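Chain by chain, the residues:
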Amino acid sequence: MSTERTTQQAAAAATAASAARPAATPPAPVADGNGAGTAPDPRSGFAAAAVPTARTKRKGARDRKQAARVAAATADPSLPNTPPHGTRGVARDLSAAQVAAGHPADDESSGVQALKALGTQGGAPGRGPAGPHPAAQPGAEAERLRYVGAATRRIARGIDLDEILLGLCRSVVPAFADAILVYLRDPLPVGDERPSGPLVLRLRRTDRAPDESVEQSPETGALLPVVPSTEGAYGSAADYIDVPTDGPLAEVLRGVRPVFSESPQATAALNELVGGCPDATSVGPVPGGLLLPTGRRAILAPLRGRRRVIGAAVLLRRPNRPAFEPDDLLVVAQLATHTALGVDKAVLYDREAYIADSLQREMLPDSLPQPTGVRLASRYLPAAESARVGGDWYDAIPLPGSRVALVVGDVMGHSMTSAAIMGQLRTTVQTLAGLDLAPQEVLYHLDEQAQRLGQDRMATCIYAVYDPIAHRVTIANAGHPPPVLLHANGLAEVLRVPPGAPIGVGGVPFEAVELPAPAGATLLLYTDGLVESRTRDVWGGIEMLRERLHAASQIVSPPPLEPLCDEVLEILGPGDRDDDIALLAARFDGIAPRDVAYWFLEPRPQTAGRARRLIRQALRRWDLEPLTEATELLVSEIVTNALRYAERPITLRLLRTDVLRCEVGDDAPTLPRMRHAQPQDEGGRGLYLVSRMAQRWGATRLSAGKVVWFEMGIPGGPDR
């Protein structure tokens, strides 16, 4: 139940009780507008009825005040503090003290106008320099509640730790106190984590209202141990405090409630926290030349989160300002509770964001492969601080036949769940790509996997397969923004591909389109965070991207790949980082037909010999005779192994790029496995020879069979 509801119920009950109570005294004179008494008219019951009504109002005001105190002291700290009705009029303008302190104006400036009644009329609502003024009590209570409502709203507005502590300091100084120091446990516990080791408090933020006219003097107690800086040294106050479990500070922190620096224990606790004092029961200089105000000019407030005390706050007032009142302890308790809960929230939020960001980055590729006939570059930008992590990813997967699969996807949402789903979908795509499925089949099975992960697991994805020998690219789309192709002559073209439905919808077929991929062209795959923002729609951003690519190619054609990625990101404006961005650029170089040799071989006993002759002729034509002997031996071993299991013609292909690549394909799905043959074994040494003599080798499954390949370094060519 909120404080507002408790106050209203108590006031209603008090009013009803007073109204039901019979009048025990004769009617008294009624005060008119000039303060003079007017006798009741015996012919009318109006004046007689006015007397108990006035008493009821005064009685109701006192009851409402008492109910507000009880409710504030017993309120559940986990519930937000809501000011009563009629308190919307919190002042919007900063006082001169706030401007002098360098605090920027905002729409919730801690109820400065409301605190004028507290800070200028004797330091408490309804109290002047000479003593209490009962007539001002109800209005001062309203001003106090208005301030608490504005201050707690400002504290709750923060997301991270610095914003929350800044909100507390700006709400307190100078409206409520002249200085504040905020200490937090170091390190801060996260969630249900139990802190280990001794209690150490660290000074995390401090603020004060400047007052150059006040001189520091032990007689006036006007010394404030703070400076406006929030980093580095904090004046004479200690940065780190080891809190003994049996000391006065630990005892006050265990008490949870704010206290004045009146008792010897509270004074000793304050001196221990801020820097220590030789005599805990008096005010004197400390080793750093620090003097502390005591009595009701200093409040020490423990900060208790959901599980335990996580810090403390110290609020100080100068002597030229009225001292704190007992009711101010309730205000400080509310501020401390909201601050501690906000700190707990910020720590949990930061931990979740850190885990999600680390998870997402670990799931992205550390480096891209460099397959034959294509050059790759990528960029990933996380979302702005307000949005945090997302589910964007990119990937490049080498495929059999020197092909490469290019993938960019975007999981909907910004959370750790989105990052985890992204990792699962990326792994699924890699597995499906290893089976050498068609692009539309890959998206179909990916859609099925997304539905198995749960409801509302939505994502967009684009999957493209580039064949450098055929100079063709096959693209399938699942609700993703269309790719852009930058031709070698500078023409930027938005490719027409079927849009498809997002991954996770289910029951929707996907289509693939095959397009030419000329040498020198650049394909750009991206997520919607690059082209969509609050100021433009997707198609407006795509047109801006196309124009930027065309402009970049007018300077150098084709533009270098890495600088081109940086140039593309320049289309982002200051407010265009609401979503994370994944960008993958592929420059198509292709493989010339003169560098490819391809044969079909029937599965006969004489096939191995024919394969050696074909290899010898091709290497002589390419002027690679030094590789003839080793290449013939390895081809013979792999072809012989394929002949044992193949039922259909065997394929043999040689590719000459920066390395010599040989591929042998057959229709047997079982992948060969290298083993170490014993001295008495007659076979089992073929793949061992391949692994020892080749620069690289491997085996890949196809939709109908497998391919075993190896690479040999070309003399005088670059090593990979």
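Definitions and cut-offs
- Residues numbered from 1 in each chain as written.
- Predicted model: local features only at pLDDT ≥ 70, side-chain atom pairs only at ≥ 80, totals over all residues.
- Heavy atoms only, no water.
- Helix = DSSP H or I, 4+ residues; strand = E, 2+ residues; numbered from the N terminus.
- Buried < 20%, exposed > 50% of the residue type's maximum accessible area, 1.4 Å probe, protein only.
- Contact = heavy atoms within 4.5 Å.
- Pairing = 2+ DSSP bridges.
- Axes fitted to C-alpha atoms, helices over the stretch in contact; angles between N-to-C directions.
- Phe/Tyr/Trp six-rings, centres within 6.5 Å; stacked < 30°, edge-to-face > 60°.
- Lys NZ or Arg CZ within 6 Å of the ring centre and 35° of its normal.

**Q** Mind showing me how you'd approach the environment of Ala611 here?
**A** Considering the arrangement of structural elements, one finds Ala611 in helix H14 (residues 607-621). By relative accessible area, Ala611 is classed as buried at 0%. It is 7.1 Å that separates the C-alpha atoms of Ala611 and Ser636, two residues lying 25 residues apart in sequence. Ignoring sequence-local partners within four residues, the contact set of Ala611 consists of Leu601, Val635, Val639 and Leu652.

**Q** What is the right way to look at the sheet that holds strand S12 (residues 391-399) in this model?
**A** Paired through their backbone hydrogen bonds, the strands of a sheet run either parallel or antiparallel. Taken in spatial order, the five strands of this open sheet run S12-S13-S14-S15-S18, and their pairing is antiparallel. Lying at the two open borders of the sheet, with one neighbouring strand each, are S12 and strand S18 (512-516). Across this sheet, the average inter-strand angle for adjacent strands is 15°, counted without regard to direction. Here strand S13 (residues 403-411) runs beside strand S14 (residues 459-467); their pairing, made up of eight bridges, is antiparallel.

**Q** Even after reading the chapter, I still don't get the sheet that holds strand S10 (residues 309-316), so can you show me in this structure?
**A** Ordered by their spatial adjacency, six strands build an open sheet running S7-S6-S5-S10-S9-S8, and the pairing between neighbours is antiparallel. Edge strands, defined here as strands with exactly one partner in the open sheet, are strand S7 (240-243) and strand S8 (259-261). Strand-to-strand twist across the sheet, computed as the mean angle between neighbouring axes with direction ignored, equals 30°. In this sheet, S7 lies alongside strand S6 (residues 199-208) in antiparallel orientation, the contact comprising four bridges.

**Q** In this structure, what is going on with unusual backbone geometry? I would like to understand it.
**A** When glycine is set aside, most residues are seen to have a negative phi, and most peptide bonds are trans. For the bond running from Val173 to Pro174, omega is -5°, close enough to zero to count as cis. Cis geometry marks the peptide bond from Asp186 to Pro187; its omega dihedral reads 0°. A positive phi angle is found at Val256, which is not glycine, with a value near 70°. Position of Val256 relative to the elements: it lies in the loop between helix H7 (248-255) and S8. Unlike most non-glycine residues, His471 shows phi in positive territory, near 55°.

**Q** Explain the environment of Leu584 here, please?
**A** With respect to the helices and strands, Leu584 occurs in strand S20 (residues 581-588). Leu584 gets classed as buried once you look at its relative accessible area, which sits at 2%. Between the C-alpha atoms of Leu584 and Asp395, which are 189 residues apart in sequence, the distance is 8.0 Å. Apart from residues lying up to four places away in sequence, Leu584 is in contact with Leu368, Ala377, Ser378, Tyr394, Asp395, Leu406, Val407, Val408, Leu523, Leu524 and Leu525.

**Q** Explain the packing of aromatic side chains here, please?
**A** Any two aromatic rings considered together are summarised by their centre-to-centre distance and by the angle between their planes. Summed over the entire model, instances satisfying the criterion amount to four aromatic pairs. Relative to Phe176, the ring of Tyr147 lies with its centre 5.7 Å away and its plane at 10°, an arrangement referred to as stacked. Taken together, the positions of Tyr147 in helix H5 (residues 137-156) and Phe176 in the loop between helix H6 (161-172) and strand S5 (179-185) put the pair 29 residues apart, joining distant regions of the chain. As far as burial versus exposure is concerned, Tyr147 and Phe176 are alike and both buried. Both rings, one in Phe176 and one in Phe324, keep their centres 5.5 Å apart while their planes meet at 40°; by these two values the pair is tilted. Of this pair, Phe176 sits in the loop between H6 and S5 while Phe324 is found in the loop between S10 and helix H9 (326-363), placing the two residues 148 residues apart along the sequence. The pair Phe176 / Phe324 is uniform in exposure class, with both members buried. What links up through ring pairs into an aromatic cluster is the set Tyr147, Phe176 and Phe324. The ring centre of Trp709 lies 4.3 Å from the NZ or CZ of Arg661, which sits over that ring.

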